[in-house]
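Analysis of the macromolecular model
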Amino acid sequence: MPRQSLPDAAVKPAGAVRVERIGNATLYLGRCEDVLPTLATVDAVVTDPPYGIKENGRRVRSRGTSSARVRRMTVTDYGDFDWDEQPVSREIIDAIRRQSKWQIIFGGNYFHLPPSPCWLVWDKLNTGDFADCELAWTNMQTAVRRIQFHWNGCMRKEREIPREHPTQKPVGVMQWCLQHLPADVGEVLDPFMGSGTTGVACVLRGLPFFGIEKDARYFDIACRRIEAAQRQADLFVSLPPAEDPADQRLADLFAEPQP
Ligand SMILES: C[S@@+](CC[C@H](N)C(=O)[O-])C[C@H]1O[C@@H](n2cnc3c(N)ncnc32)[C@H](O)[C@@H]1O
């Protein structure tokens, strides 16, 4: 694929309100339709665009459990946002596909995309009123794959990671997605970065990452999470193999999940 160098992070591309460079991650605050045309092509896009199912704002507070007592204890108020009123437009999906060689697009069942032999299925082992699975469309020519990763209101894996976005993906699921990309992928772009989960997974895998997010509140959360992941990754690069079981448990927490 033709490769041009991406704009130096010190140079703010037209359309970006702010640019932050964190290790090998470059984060743009702005709308992806404005920022994407200023970027070069990338090897892969891994993203989770708005599905248009109104999973934003305060509505999300009342879902996930039937128990009012548990709800009071566990729900997070993410404030009022309007980004999930409409599914992302066909033009943006087409632009993403033109700008990258490989794509993994969550919510692919909501968008105009061609048939694919390889969908990635995240089975949430759900017993509540949320969807049982989420589907990511890919343009890879391999088979359908599934991960079982418990995500059911407050009953979920990764409970140690705070939920700071109403549709925040688990890091483990995004790490699993990255494992399906061809081995020669050299960088990943997420044009709907939200709280930066794709970026965290890329940093932990040592993959250069580019992220775009239009909401300053989420952008700041993504910067903070990606910075923390970078520190974590640096720590494990510089540490000898853990001898203390407690250290090993911490290392396991950030290890890639087995499919
Ligand atoms: C489904 S959420 C992504 C959540 C993310 N996967 C995470 O784990 O936090 C979609 C995000 O896209 C952002 N967004 C919506 N329209 C956008 C646009 N045109 N350009 C950039 N970001 C946009 C929203 O603010 C929202 O944070």
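Since the model is a prediction, treat every value here as computed from it, not as a measurement. What you see as residue numbers is a count from 1 along each chain, following the sequence as written. With the structure being a predicted model, the display of local features is reserved for residues of pLDDT at least 70 and the display and counting of side-chain atom pairs for 80 or more, all residues being used for whole-chain, interface and lining totals.

1. So, the pairing of strand β4 (residues 100-106)
Across the seven residues of β4, five count as buried, placing the element largely inside the fold. Strand pairing is defined by DSSP finding a minimum of two bridges between the two strands. Counting from the N terminus, the helices are DSSP H or I runs at least four residues long and the strands are E runs at least two residues long. Of the strand pairs in this sheet, strand β3 (residues 42-47) and β4 are connected by five bridges, and their pairing is parallel. Bridging across to β4, Ala-44 finds its partner in Trp-102. As judged from the three bridges shared by β4 and strand β6 (residues 133-138), these two strands associate in the antiparallel manner. Across the sheet, the residue bridging to Phe-106 is Ala-136, located in β6. The exposure label follows from counting other C-beta atoms within 10 Å of a residue's C-beta, where the C-beta atoms are placed from the backbone and the thresholds are 20 or more for buried and 12 or fewer for exposed, leaving partly exposed in between.

2. Quick look at the sheet that holds strand β7 (residues 145-148)
Strands in a sheet are paired, the pairing made by backbone hydrogen bonds, and the direction either parallel or antiparallel. With respect to topology, nine strands assemble into an open sheet ordered β1-β2-β11-β10-β3-β4-β6-β5-β7, the strand pairing being mixed. Looking at strand neighbours, the two that pair on one side only are β1 (16-22) and β7, the edges of this open sheet. Recorded for the sheet is a direction-independent mean angle of 15 degrees between the axes of neighbouring strands. Bridge count between strand β5 (residues 119-123) and β6: five bridges; the pairing is antiparallel. Bridge pairing in β6 places Leu-120 opposite Ala-136. Fitted lines through C-alpha atoms give the axes, limited to the stretch in contact for helices. The angle between two N-to-C directions lies from 0 to 180 degrees.

Interpretation in functional terms is not warranted from these geometric data alone.
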